[in-house]
Amino acid sequence: MDPVVIPILVAAIVVVFLVAATVRIVPQARRYNIERFGRYRRTLQPGLNFVLPVADRVNTKLDVREQVYSSDPKPVITEDNLVVNIDTVLYYQITDPRAAAYEVADYLQAIDQLTVTTLRNVIGSMDLEGTLTSREEINARLRAVLDDATGKWGIRVNRVEIKAIDPPNTIKEAMEKQMRAERDKRAAILHAEGERQAKILTAEGTKQKDILEAQGTQQAMILRADGEAKAVELVFQAVHRNNADSKILAYKYLETLPHLARSENNTFWVIPGELTEAVRAVTSAFGDKSSTGLPPSAEREEAPATDASDEDGAPELEAGSGLSLDALAAADAAAKQAAAAVSDAKAEAQAAEAAPPPGRGQTSGD
């Protein structure tokens, strides 16, 4: 080999080595701390950078993106002397690579220990119930303390979250029993409220039913009473329009008497005192004119027809009386029917006195 070539090759290798040692390419979101002869010189930014070979060297390479650090569960004592294990999740970001490399030896360990001490201070002033229900307050207090302490380390704490709070097993069992009792209580309250609402609705429905039935009965009674009143009024008008005398009224009275004894629950029957007067009035109206004593004017009016008679031999009524043989027969039949009804009523009353039904007292006779 030519002796001139060897020096050239050596010079080329040295040049390549120097160029490689001089050029530094930093990726995005990375920061390189450069030391010159052991002393911090500068921080390389992303891109192409040049350094002095042999004199400058890269001390630390840092990632300035937001990072997540999850700590192991740490035992913490609450105000009511209960030991709970709490693990946290920390979101942090390096804002000053020089301070993160030279102000603290291990910033992750420092943050972890600072989190534990701060948690013990915060949780120590709370009971277990407050610890379980005040996570937002604990997170805010932790973030305030950590952000203030890590600021000089070139680290910004963005969020601190409590991932889990694990009380002892005995406390878990007690909490489960308490939760079960609360749920049973709510279930019993809801069941009682449902029964109460059901009873209220049932009572309201019964009330509305009774009101509607009462209103219907009232309307029916009113309509029935109106009908009876109109019927009585029509009968009254018909009687007065036909100019009925006391004899016709007495006959209708006798016609109504048999209906009084038709009830099956009657144990005795009261005979009205006007019965004899009504019978006498009907008898005087339809009986012999010689026995009743007609007035002279009627005898004069009846003189031309005294010898008239029907085919059966019954005397014919006078023209002035206004009554026919059918009316006379009806009156006789009504009188007989009234007498028979009176006899039947007396017989039933005597039978009822002889054997009164159970639960009803003895009723005296006529």
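Residues numbered from 1 in each chain as written. Predicted model: local features only at pLDDT ≥ 70, side-chain atom pairs only at ≥ 80, totals over all residues. Heavy atoms only, no water.

## Some words on the sheet that holds strand β2 (residues 30-36)
The condition is simple: Any two strands with at least two DSSP bridges between them are considered paired. Helix and strand labels come from DSSP, where a helix needs a run of H or I of at least four residues and a strand needs a run of E of at least two; each type is numbered from the N terminus. What counts as an axis is a line fitted to C-alpha atoms, over the stretch in contact for a helix, and the angles between N-to-C directions run from 0 to 180 degrees.
Within the open sheet, the three strands sit side by side as β3-β2-β5. Their pairing is antiparallel. With one partner strand each, in any of the chains shown, β3 (39-44) and β5 (56-63) form the two edges of the open sheet. Across the sheet, the mean angle separating the axes of adjacent strands is 25° when strand polarity is ignored. When β2 meets β5, the two strands line up antiparallel, connected through seven bridges. Paired with R36 across the bridge in β5 is D56.

## A look at the packing of helix α3 (residues 107-123) against helix α5 (residues 135-150)
What counts here: Comment on the angle field: the value is read as roughly parallel under 35 degrees, roughly antiparallel over 145, roughly perpendicular from 65 to 115, and oblique elsewhere. Crossings are assigned a handedness: left-handed for a near helix turned anticlockwise from the far helix by less than a right angle, right-handed for a clockwise turn. Whether two residues touch is decided by their heavy atoms; if any such pair falls within 4.5 Å, the residues are in contact.
In the contact formed by α3 and α5, the axes pass within 10 Å of each other and the chain directions differ by 140°. One element, α3, and the other, α5, form an angle in the oblique class. α3 and α5 meet at a crossing whose hand is right-handed. Across from I111, L114, T115, T118, L119, V122 and I123 in α3, the residues of α5 making contact are I138, R141, L142, V145, L146, A149 and T150.

## Quick look at a nonpolar patch on the surface
Rules: The residues that make up patches have over 30% relative accessible area and no salt bridge, and they are joined within 9 Å when like-charged or within 5 Å when they are Val, Leu, Ile, Met, Phe, Trp or Tyr. The Shrake-Rupley method, run with a 1.4 Å probe sphere, supplies the accessible areas, and residue values consider only the shown protein chains as cover. Salt bridge, as used here, is a side-chain nitrogen of Lys or Arg placed within 4 Å of a carboxyl oxygen of Asp or Glu. Partly exposed residues are those whose accessible area sits between 20% and 50% of the maximum for their type, while under 20% is buried and over 50% is exposed, using a 1.4 Å probe and protein chains only.
Together, I6, V10, V14, F17 and L18 line one region of the surface with nonpolar side chains, adding up to about 440 Å² of accessible area. Assignment of secondary structure puts F17 in helix α1 (residues 5-22). In this structure F17 comes out as exposed when scored by relative accessible area, which is 53%.

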